[in-house]
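Chain by chain, the residues:
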Amino acid sequence: MSKKQSILITGGAGFIGSNFILHFLKHNKETEVVNLDKLTYAGELSNLKEQENNKNYTFIKGDICDSELVNELFNKYKFTGVIHFAAESHVDNSIKKPDAFITTNVNGTFNLLNTAKNYWMEAPFSFKEGCENNRFHHISTDEVYGSLGETGLFTEETPYAPNSPYSASKASSDFIVRSYFHTYGMSVVTTNCSNNYGPKQHNEKLIPTIIRKALNNEAIPIYGDGKNIRDWLYVEDHCRGINLVFHKGKLGETYNIGGKNERDNLYIAQKICDILDELRPKDISYSKQITFVKDRPGHDFRYAIDASKIENNLGWYANENFETGIVKTIEWYLRKYKKQ
Ligand SMILES: NC(=O)c1ccc[n+]([C@@H]2O[C@H](COP(=O)([O-])OP(=O)(O)OC[C@H]3O[C@@H](n4cnc5c(N)ncnc54)[C@H](O)[C@@H]3O)[C@@H](O)[C@H]2O)c1
């Protein structure tokens, strides 16, 4: 009987990582998942309570920057793959306190990648026996490309132009991953995804903030004039894209993932208020709570993804559009806030 494969998932207690672990375990029943997460303020173990008794799932509390621990885990579990989500991920925090972004996103990524290389490769372009099919999947963002004007889309060829300490730290990690392919022939793939939304996102992010403030009868804060545009993707569609690229993506390549759902922040707030008006009606519309606040410094105007590469080469497509995904998301948050 062949031994089960083990993969390391980092940052699996966060928003996308926890949704991904559920998706992955459902679709890869023969693979063991080890989730390494530091449980920063953004990590939430209850995001994974459905998996607590799954014999293919193990949680390890720890830091991706801890090389001794990461080495120990590679020794113990003999990982054949890594899917690396762990990051400091909130742009506003990166403006106030960039240090942790550089430590985790740059040094942490380097530590994981370098450990995987040392375990899997005996020399540049030469894998140890049995490691030929191993791969390291780096999860990144479309923010590395900078900001767009009214028109145009980010393709995989768009030059990097990160504008915040967050996006600069992600861009740096993308370049380290790229260099390991070109210098050592390391088996890497990278995905750059647009803004995600859906269940289990941290309270600090835009969509959970709008829903929470609306329900608490508080002002719903919208930066500037609310005209900043993001290309929104339902988290489950992102998870399907990652699973596809992890198994079938071409080594050394990057894939953009986005759902062709450009919406401005004011539209998002208004839409959420309209849905809440139906699901939880009160005397006046929730939209009366929308309040414009001082813009974020260096706020990128527009992000939009051209996803033709992953669509044409791997057959990926988004199942949800913003208007369908947001209803599921709001219903999930209504259940969450009711329990608290
Ligand atoms: N959220 C989005 O819209 C979006 C879009 C594109 C790409 N991404 C990328 O996807 C990944 C996941 O994003 P998210 O929104 O789920 O983030 P998140 O902030 O919800 O979760 C991050 C997780 O990483 C863990 N973590 C942080 N530092 C760590 C460290 N040093 N060692 C181990 N674990 C650590 C946290 O505890 C948390 O569980 C990130 O790499 C992010 O850049 C996010």
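Our structure is the block above this text.
Everything numeric here is computed off the predicted structure, so don't read it as measured data. (Residues numbered from 1 in each chain as written. Predicted model: local features only at pLDDT ≥ 70, side-chain atom pairs only at ≥ 80, totals over all residues. Heavy atoms only, no water.)

1. Notes on the nonpolar core
One finds Leu 8, Leu 36, Phe 74, Leu 113, Trp 120, Phe 136 and Met 186 to be the most contacted residues of the largest nonpolar core, which totals 27 residues. Residues Tyr 197, Ile 207, Ile 210 and Ile 326 belong to the second largest nonpolar core, which totals 23 residues. (Core = buried A, V, L, I, M, F, W, Y, C linked by side-chain atoms within 4.5 Å. Buried < 20%, exposed > 50% of the residue type's maximum accessible area, 1.4 Å probe, protein only.)

2. Let's talk about the layout of surface pockets
Empty space within the second largest pocket amounts to approximately 360 Å³. Taken together, 15 residues make up the lining of the second largest pocket; nearest its centre are Glu 156, Tyr 160, Arg 178, Gly 252 and Thr 254. Put simply, the parts of the chain that give the lining of the second largest pocket at least two residues each are helix H5 (165-184) and strand S8 (188-193). In terms of residue class, the lining of the second largest pocket is built from five nonpolar, four polar and six charged. (1 Å grid on protein atoms, 1.4 Å probe; cavity = no way out; pocket = protein on both sides within 12 Å on 5 of 7 lines; lining within 4 Å. Points joined across faces, edges and corners; volume = space filled by probe spheres on them. Helix = DSSP H or I, 4+ residues; strand = E, 2+ residues; numbered from the N terminus. Nonpolar A, V, L, I, M, F, W, Y, C, P; charged D, E, K, R; others polar.)

3. Some points on empty space enclosed by the protein
The tally for this structure, following the rule as stated, stands at one cavity of 30 Å³ or more. The space that makes up the largest cavity amounts to roughly 70 Å³. As for the largest cavity, its lining consists of Val 91, Ile 95, Glu 143, Asn 163, Ser 164, Arg 296, Pro 297, Gly 298, His 299, Asp 300 and Tyr 303. Residue composition of the lining of the largest cavity, by class: four nonpolar, four polar and three charged.

4. Here's the deal with the pattern of salt bridges
The tally for this structure, following the rule as stated, stands at 12 salt bridges. In this structure, Glu 50 engages Lys 200 in a salt bridge whose closest nitrogen and oxygen atoms are separated by 3.6 Å. Separated by 150 residues along the polypeptide, Glu 50 in the loop between strand S2 (31-37) and strand S3 (57-61) and Lys 200 in the loop between strand S9 (196-197) and helix H6 (206-215) bring together distant segments of the chain. By relative accessible area, which is 11% here, Lys 200 ends up buried. The closest approach of N and O atoms between Lys 213 and Glu 218, which form a salt bridge, is 3.2 Å. With a relative accessible area of 22%, Lys 213 lands in the partly exposed category. The class for Glu 218 is partly exposed, based on a relative accessible area of 33%. Salt bridges sharing partners connect three or more residues here, namely Lys 250, Glu 253 and Lys 309. (Salt bridge = Lys/Arg side-chain N within 4 Å of Asp/Glu carboxyl O.)

5. Concerning the packing of helix H4 (residues 99-120) against H5
Taken N-terminus to C-terminus, the directions of H4 and H5 make an angle of 15°; their axes are 8 Å apart at the nearest point. The orientation of H4 with respect to H5, classified from their angle, is roughly parallel. As H4 runs across H5, the sense of the crossing is right-handed. Only Tyr 166, Ser 169, Lys 170, Ser 172, Ser 173, Ile 176, Val 177, Tyr 180 and Tyr 184 of H5 make contact with H4, whose side of the interface consists of Phe 101, Ile 102, Asn 105, Val 106, Thr 109, Phe 110, Leu 113, Asn 114 and Lys 117. Class assignment of the residues belonging to the contact of H4 with H5 gives a composition of 10 nonpolar, six polar and two charged. (Axes fitted to C-alpha atoms, helices over the stretch in contact; angles between N-to-C directions. Parallel < 35°, antiparallel > 145°, perpendicular 65-115°, else oblique. Left-handed = near helix turned anticlockwise from the far one by under 90°. Contact = heavy atoms within 4.5 Å.)

6. A word on the pairing of strand S7 (residues 135-141)
Extensive coverage of S7 is indicated by the burial of seven of its seven residues. In S7, alternate side chains face the same way, and those of Arg 135, His 137, Ile 139 and Thr 141 on one face and Phe 136, His 138 and Ser 140 on the other are all buried. Both strand S4 (residues 81-84) and S7 contribute to a ladder of four bridges, which runs parallel. For His 84, the partnering residue across the bridge sits in S7 and is His 138. (Pairing = 2+ DSSP bridges.)

7. Describing the packing of aromatic side chains
A full pass over the atoms with the stated rule returns 19 aromatic pairs. Taken together through their ring pairs, the aromatic side chains of Phe 74, Tyr 77, Phe 79, Tyr 119 and Trp 120 make up a single cluster. The ring of Tyr 184 has Lys 117 lying over it, and the distance from NZ or CZ to the ring centre is 4.4 Å. Above the plane of the ring of Tyr 317 lies Arg 240, whose end atom (NZ or CZ) is 5.2 Å from the centre. (Phe/Tyr/Trp six-rings, centres within 6.5 Å; stacked < 30°, edge-to-face > 60°. Lys NZ or Arg CZ within 6 Å of the ring centre and 35° of its normal.)

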